[in-house]
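# Observations on the model geometry
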Amino acid sequence: YMLFFVQPFLVGDYIQLDDPNQILIVEKVGLLTTHFHSLDGYAVFLRNSNLARSKISNWRLGDRPSMEICFGVNWDTTQED
């Protein structure tokens, strides 16, 4: 119940749990569970008791996390391409 009343994150916040590669967007904070969706579109439901034991990094609205995208280009590629 603590997460519901303390509210360390709000609907719309981007949070990162123990896994640095998983960023979740908060959809609904309930008494027992919190609903998220991942950046790749999956619905995620977590028990608040589990969340209370996790390390949570939170980005409020307007302070979105950035992504680094690496890609390669063939040496034969022209500048126009």
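Above this text you will find the structure in question.
This report concerns the structure included in the present document. Treat the numbers as computed from the prediction; the structure is a model and nothing was measured.

Take the overall build of the chain next. If you tally the helices and strands in the chain, you get 2 helices and 5 strands. Its helices and strands taken in sequence order, the chain reads α-β-β-β-β-α-β from the N to the C terminus. The 81 residues of the chain split such that 25% are buried. Expressed as a percentage of contacts within the chain between residues at least 6 apart in sequence, the contacts between residues at least 24 apart total 44%. Carbon and sulfur atoms provide 54% of the accessible area of the chain, an area that totals close to 6400 Å².

Along the chain, the position of Thr34 falls in strand S3 (residues 33–38). Separated by 2.6 Å, the side chains of Thr34 and Asn48 make a polar contact. With sequence-adjacent residues up to four places away left out, Thr34 is seen in contact with Phe9, Val26, Lys28, Val29, Val44, Phe45, Leu46, Asn48 and Leu51.

Once that is clear, we can look at the packing of aromatic side chains. A ring pair, where both rings are aromatic, is described by two values, the distance of the centres and the angle of the planes. Enumeration over the complete set of coordinates arrives at 1 aromatic pair. Ring centres of Phe9 and Phe36 lie 6.1 Å apart, and the angle between their planes is 55°; this geometry places the pair in the tilted category. Here Phe9 is found in the loop between helix H1 (2–6) and strand S1 (14–16), whereas its partner Phe36 is found in strand S3, with 27 residues between them in sequence. Neither residue differs from the other here; Phe9 and Phe36 are each classed as buried.

Moving on, we get to the side chain of Asp13. Tracing the backbone shows Asp13 in the loop between H1 and S1. Only 2.8 Å separates the side chain of Asp13 from the backbone nitrogen of Leu10, close enough to count as a polar contact. Separated by 3.3 Å, the side chains of Asp13 and Asn58 make a polar contact.

A few words on the pairing of strand S2 (residues 23–29). On any regular strand, side chains alternate: one points to one face of the sheet, the next to the other face. Buried residues dominate S2, accounting for 5 of its 7 residues. Here S1 folds back onto S2, and the loop between the two strands holds 6 residues. In this sheet, S3 lies alongside S2 in antiparallel orientation, the contact comprising 5 bridges. Among the inter-strand pairings, Val26 is bridged to a residue of S3, identified as Phe36. Once S2 ends, the chain turns through 3 residues before running back antiparallel as S3.

Calculation notes
Residues numbered from 1 in each chain as written. Predicted model: local features only at pLDDT ≥ 70, side-chain atom pairs only at ≥ 80, totals over all residues. Heavy atoms only, no water. Helix = DSSP H or I, 4+ residues; strand = E, 2+ residues; numbered from the N terminus. Buried < 20%, exposed > 50% of the residue type's maximum accessible area, 1.4 Å probe, protein only. Contact = heavy atoms within 4.5 Å. Areas by Shrake-Rupley, 256 points an atom, 1.4 Å probe, with all protein chains shown as cover. Polar contact = N/O pair within 3.5 Å; in protein donor to acceptor, adjacent residues only side chain to side chain. Phe/Tyr/Trp six-rings, centres within 6.5 Å; stacked < 30°, edge-to-face > 60°. Pairing = 2+ DSSP bridges.

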